[in-house]
Amino acid sequence: MEIADLPVPPDLAAGYARRGITELYPPQAACVEAGLFSGKNLLVAIPTASGKTLVAEMAMHHQVARGGKCLYIVPLRALASEKFEEFSGKGLRVGIATGDFDRRDEYLGRNDIIVATSEKVDSLLRNRTPWLAEISLLVVDEVHLIDDPSRGATVEMVIAKLRHKNPGMQIIALSATIGNPADLAGWLDAELVESEWRPVDLREGVFFEDGIRFADSVREVERKSKYEDLDLVLDTVTEGGQCLVFVSSRKNAEAFAKRAASGLKIANPILAGYADKIRSSASTDMGKILAACVAQGAAFHHAGLSREERQLVEAGFREGQIKVISSTPTLAAGLNLPARRVIVRDYLRFNAGEGMMPIPVREYRQMAGRAGRPRLDPYGEAVLIAKSEEMVDELFDYYIEAMAEDVRSRCAEEAVLCTHILSLIATGFARERGEVLGFMDGTFYAHQGESPRALKRAVDRVLEFLREAEMITEVGEWLEATEYGSLVSRLYIDPRSAEVIVNAMTRQKEYTDIGFLHLLCATPDMPTLFVRKNDMYALDRFLADHRDELWMEIPWDADEGFDRSLKTALLLADWGDEVGEDVICERYSVGPGDVYGMVESVAWLVHASRHLAGLFAPHLKAPIEEMELRTKHGIKKELLPLIRIRGIGRVRARRLFNNGIDSIEALREAGPEKVGKVLGQGIAAQVFEQLDGVRDEIGGVGEEQSTLSRFG
DNA sequence: TTCCGCAGTTTGTAGACAGCATGTC
DNA sequence: CTACAAACTGCGGAA
């Protein structure tokens, strides 16, 4: 099927033609035949890299040409920016909305295409964003994530809410191959387009002893070492390809990268350049190890890496310099980083409470699908590693020839239901129990015919909880969100977190940093650190001295949840005490990426707490507001006045302070020359430009508005 | 005495969304 | 309560 014959804008078609795309892949053609351009809903269940994005893009351009507006939902921020870049510059106005990264937020609604994470869309719905009613085409990427226990319900509810709001809206759902696509298509009233077709041939096999067994052939692999995984990598690299190795833990990823580095021993100036960049920005041991590996053409990738480290590793691999990345599942679902050979080394993964469990077939497919770069590799290979002859057949049965798992709704799980039911009531989607149940009737859960009684019971328990917490109340025959409930819904925190926070705040008489942080860390919205055996001593010692500063009682026979929140709180307290990132990483055995993630999470909860304090504990508002700034910047109290100025962060503020400049006043007194000596002339000039502006503002606006006057 | 290899024992275990209001080194 | 690999420990033998 020729693109030129399709009802897409000529500019778009011309753009494709310039990139050599003139004809549709078979599954894409199937989408057109299924009614892509005639407003039909579609469920497109085809492998990664077989052109799903193009299908969506054509539909969006077609839609906009007819006066429509499109919303493209993705599960990850990184994916959002990837799609934003991809859709931009092709004649339409494109906007992006994620938690950390709002470009053109204010004018978001003016765009033709808006790319957003599912949580962000949910939040926009809760805040009654008007332009959502104008969406005429909804694209849901990776819709199989509906099955995710913690985040799946959000995807499902967002789809249900938008359909409820915009009955005529076209839906295009993009999915990996799943076991029950017809089921999902049925719920969406969608035509099903299913295919196994791929632009690059994918061979899946199992390695044992000295060869990869494919379904109909064997590929010999030279054994150079005692490590199967290493030999598999060397085999591909000597052939001119790159490898991705998926392993089960960070430690494994690092260990393998070291092994691969000494096995590859590549050395060239470009790699040395990457290694230098990583080394110079890295203050942690992990960063140094990474740099040493990269210098020899290998790297590891997991969530402990800083943004910069991640970017450098990804860039080096894309460029073809880094030959192998060993990775935890970060790379499986995230960015588009294909390699000729994918080695799924660890197909067992630790699950809390269950021990080592085989990873799902869908996840194996996700990783295997990364094999083979379109137009660059002659083929892609996905290899599992067997430990025994019998395992070869087992792995073939369990993964390569297996059906993908069914997707199941996760809506009825009480923990997530809680937040979604509150939002239904707070935004007026449902005004009484019957309407809540009626709305839930339009979900995938109900469509799947899973026990309606279980759902009803769960809904009743949730309503009871929300009523008891006074987040909802009865007004006549209607249910309404209280001010508290509506705030919790808009803040987008788990109602259970809000309860934990509010209960402690109303009981507590004295504010302490560690007490407050510990409280937030004990909340279900906060990710917590793993407690190792040798942490116990330090935690006990801290408790011995500071038990009375905590807001939450710690029973002597506390389970590990308390330890985890305490350890996490201590990390965050260190962060607020300007303890260096390297020291924190070492002390808590985490990477810079973890610190960043935890600071981000707690900053969000501190922010929410400030609003909650405004309602329930006004006396805590001031200290919490102070804490909000301190966590955000990672500074001690004494630097608060200084970071008010644009261009001054934790490092420059500290430098000023140590030079005796501790306030706005002191800055003025010191004058541009002295400040210039401390910070450099350029920045000093910038600072004083602002100081003059600020003075005018204070005069005009008055005490209340000016935070500057309060701190300075 | 020191070093090495081996076998048995202990230890630790993936990821990442959301608010708000603008700018780190 | 599940399972695995890396890190650690202790032992014996060689240098």
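Model, not experiment: these values are computed from the prediction.

1. Remarks on the overall build of chain A
Inference 1: Scanning chain A for helices and strands turns up 31 helices and 20 strands.
Inference 2: Expected size for 712 residues packed as a compact globule is a radius of gyration near 27 Å; at 28 Å, chain A falls within 12% of this value.
Inference 3: Buried positions account for 54% of the 712 residues belonging to chain A.
Inference 4: Look at the contacts in chain A between residues 6 or more apart in sequence, and 69% of them connect residues 24 or more apart.
Inference 5: As displayed, chain A offers around 31300 Å² of accessible surface, 49% of which is attributable to carbon and sulfur atoms.
Inference 6: Between the centroid of the 86 positive side chains of chain A and the centroid of its 110 negative side chains there is a distance of 3 Å.

2. Here we look at a nonpolar patch on the surface
Inference 1: A surface patch of nonpolar side chains, amounting to about 320 Å² of accessible area, comprises Leu348, Phe350 and Met356.
Inference 2: Mapped onto the secondary structure, Leu348 falls in strand 16 (residues 348-351).
Inference 3: Residue Leu348 is classed as partly exposed on the basis of its relative accessible area, which comes to 37%.

3. Description of the UniProt feature "domain: Helicase C-terminal" (unreviewed entry) in chain A
Inference 1: The UniProt record annotates "domain: Helicase C-terminal" (unreviewed entry) at residues 229-423.
Inference 2: Measuring from the first to the last C-alpha atom of residues 229-423 gives 49 Å, for a span that is 49% helix and 15% strand.

4. Topic: the layout of surface pockets
One simple way to see leftover space: roll a probe sized like a water molecule over the atoms.
Inference 1: The computed volume of the second largest pocket comes to approximately 470 Å³.
Inference 2: What lines the second largest pocket is a set of 18 residues, among which Phe542, Leu570, Asp574, Arg587 and Tyr588 lie closest to the centre.
Inference 3: Here the lining of the second largest pocket is built from residues that sort into 7 nonpolar, 2 polar and 9 charged.

5. Topic: the protein's contact with DNA strand C
Inference 1: Taken together, Asn252, Leu348, Phe350, Gly353, Glu354, Gly355, Met356 and Lys387 make up the full set of residues near DNA strand C.
Inference 2: In DNA strand C, the atoms that sit within 4 Å of the protein are 41% sugar and phosphate, with bases accounting for the remainder.
Inference 3: Backbone polar atom of Gly355 to a base oxygen of DNA strand C: 2.3 Å apart, as the coordinates give it.
Inference 4: Contributing elements (two or more residues each) for the surface near DNA strand C: strand 16 and strand 17 (355-358).
Inference 5: Tallied by class, the residues present in the surface near DNA strand C amount to 3 nonpolar, 3 polar and 2 charged.

6. Quick notes on the domain arrangement of chain A
Inference 1: Partitioning chain A into domains gives domain 1 (3-194), domain 2 (202-400), domain 3 (414-491), domain 4 (498-518 + 529-537 + 559-634) and domain 5 (638-712).
Inference 2: Each partner contributes residues to the interface: domain 4 has 9 residues there, and domain 5 has 9 residues.
Inference 3: Summing both partners gives a buried area of about 780 Å² for domain 4 against domain 5, and 54% of it is carried by carbon and sulfur.
Inference 4: Among the residues domain 4 hides against domain 5, the three largest losses belong to Glu578, Leu629 and His633. Together they make up 61% of the total.
Inference 5: Counting across the interface, domain 4 meets domain 5 through 1 salt bridge.
Inference 6: The interface formed by domain 4 and domain 5 holds 2 residue pairs in polar contact (both at pLDDT 80 or more) in total.
Inference 7: It is helix 27 (residues 621-633) that contributes the most residues to the side of domain 4 that touches domain 5, 5 residues altogether.

7. Things to note about the protein's contact with DNA strand B
Inference 1: Taken together, 39 residues are adjacent to DNA strand B, and Ser123, Phe530, Arg532, Arg646 and Gly647 come closest.
Inference 2: Ile648 places a main-chain nitrogen or oxygen 3.5 Å from a phosphate oxygen of DNA strand B.
Inference 3: Residue Arg650 places a main-chain N or O atom 2.9 Å away from a phosphate oxygen belonging to DNA strand B.
Inference 4: Among the secondary structure elements, those contributing two or more residues to the surface near DNA strand B are helix 5 (118-126), strand 16, helix 26 (592-616) and helix 28 (650-658).
Inference 5: Of the residues assigned to the surface near DNA strand B, the class counts are 12 nonpolar, 14 polar and 13 charged.

8. Overview of the sheet that holds strand 11 (residues 218-220)
Inference 1: With respect to topology, 8 strands assemble into an open sheet ordered 11-10-9-18-15-12-14-13, the strand pairing being mixed. For this open sheet the edge positions go to strand 11 and strand 13 (298-301), each flanked by a neighbour on one side alone. For this sheet, the mean angle separating the axes of adjacent strands, direction not counted, is 25°.
Inference 2: One ladder, built from 4 bridges, connects strand 12 (residues 243-246) with strand 14 (residues 324-327); its direction is parallel. Directly across from Phe246, in strand 14, lies its bridge partner Ser327.
Inference 3: Contacting strand 9 (202-208), strand 10 (211-214), strand 11, strand 12, strand 14, strand 15 (341-344) and strand 18 (380-385), helix 8 (residues 228-238) runs over the sheet at an angle of about 175° to strand 15.

9. Details of the nonpolar core
Inference 1: Core analysis: the largest hydrophobic core is formed by 79 residues, its most contacted members being Ile421, Met505, Phe516, Leu572 and Leu612.
Inference 2: With near-sequence residues (within four places) excluded, Ile421 lies in contact with Val436, Val459, Val462, Leu463 and Leu466.
Inference 3: Residues Leu244, Val313, Ile343 and Ala382 belong to the second largest nonpolar core, which totals 67 residues.

10. A look at the side chain of Arg630
Inference 1: Along the polypeptide, Arg630 turns up in helix 27.
Inference 2: The exposure class assigned to Arg630 is buried, which follows from its relative accessible area of 7%.
Inference 3: Those residues in contact with Arg630 that sit more than four places away from it in its chain are Asp513, Trp575, Gly576, Asp577, Ile635, Lys636, Lys637 and Leu640.

11. Some details on the environment of Arg644
Inference 1: Looking at the secondary structure, you find Arg644 in the loop between helix 27 and helix 28.
Inference 2: As a C-alpha pair, Arg644 and Ala315 span 329 residues in sequence and 35 Å in three-dimensional space.

12. Here we look at the packing of helix 14 (residues 361-368) against helix 15 (residues 389-400)
Inference 1: In contact at an axis separation of 9 Å, helix 14 and helix 15 are set at 90° when each is read in the N-to-C sense. It follows from the interaxial angle that helix 14 and helix 15 lie roughly perpendicular. Each of Val361, Tyr364 and Arg365 in helix 14 lies in contact with helix 15, whose residues at this interface are Tyr398, Tyr399 and Ile400.

13. Topic: the pattern of salt bridges
Inference 1: One pass over the structure, following the stated rule, counts 42 salt bridges.
Inference 2: Where Arg433 meets Asp460, a salt bridge forms, and the shortest distance between an N and an O atom there is 2.6 Å. Linking Arg433 in helix 17 (residues 433-441) with Asp460 in helix 19 (residues 452-468), this pair joins segments that are 27 residues apart in sequence.
Inference 3: Overall, the relative accessible area of 32% leaves Asp460 in the partly exposed class.

14. Digging into the pairing of strand 16
Inference 1: In this sheet, strand 17 lies alongside strand 16 in antiparallel orientation, the contact comprising 4 bridges. Residue Asn351 lies in a different strand from strand 17, and its bridge partner there is Gly355.
Inference 2: In sequence, strand 16 turns back onto strand 17 through a hairpin of 3 residues, with Gly353 there showing a positive phi of about 85°.

How each quantity is defined
Residues numbered from 1 in each chain as written. Chains lettered and ligands numbered in written order. Predicted model: local features only at pLDDT ≥ 70, side-chain atom pairs only at ≥ 80, totals over all residues. Heavy atoms only, no water. Helix = DSSP H or I, 4+ residues; strand = E, 2+ residues; numbered from the N terminus. Rg over C-alpha atoms; globule rule 2.2 N^0.38 Å. Buried < 20%, exposed > 50% of the residue type's maximum accessible area, 1.4 Å probe, protein only. Contact = heavy atoms within 4.5 Å. Areas by Shrake-Rupley, 256 points an atom, 1.4 Å probe, with all protein chains shown as cover. Lys, Arg positive; Asp, Glu negative; His and termini not counted. Charge placed at Lys NZ, Arg CZ, Asp CG, Glu CD. Patch = residues over 30% accessible without salt bridge, like charges linked within 9 Å, V, L, I, M, F, W, Y side chains within 5 Å. Salt bridge = Lys/Arg side-chain N within 4 Å of Asp/Glu carboxyl O. UniProt positions renumbered as here; feature names shortened; annotations may be inferred. 1 Å grid on protein atoms, 1.4 Å probe; cavity = no way out; pocket = protein on both sides within 12 Å on 5 of 7 lines; lining within 4 Å. Points joined across faces, edges and corners; volume = space filled by probe spheres on them. Nonpolar A, V, L, I, M, F, W, Y, C, P; charged D, E, K, R; others polar. Near = heavy atom within 4 Å. Polar contact = N/O pair within 3.5 Å; in protein donor to acceptor, adjacent residues only side chain to side chain. Domains from an automatic or database assignment. Buried area = accessible area lost by both parts, 1.4 Å probe. Pairing = 2+ DSSP bridges. Axes fitted to C-alpha atoms, helices over the stretch in contact; angles between N-to-C directions. Core = buried A, V, L, I, M, F, W, Y, C linked by side-chain atoms within 4.5 Å. Parallel < 35°, antiparallel > 145°, perpendicular 65-115°, else oblique.

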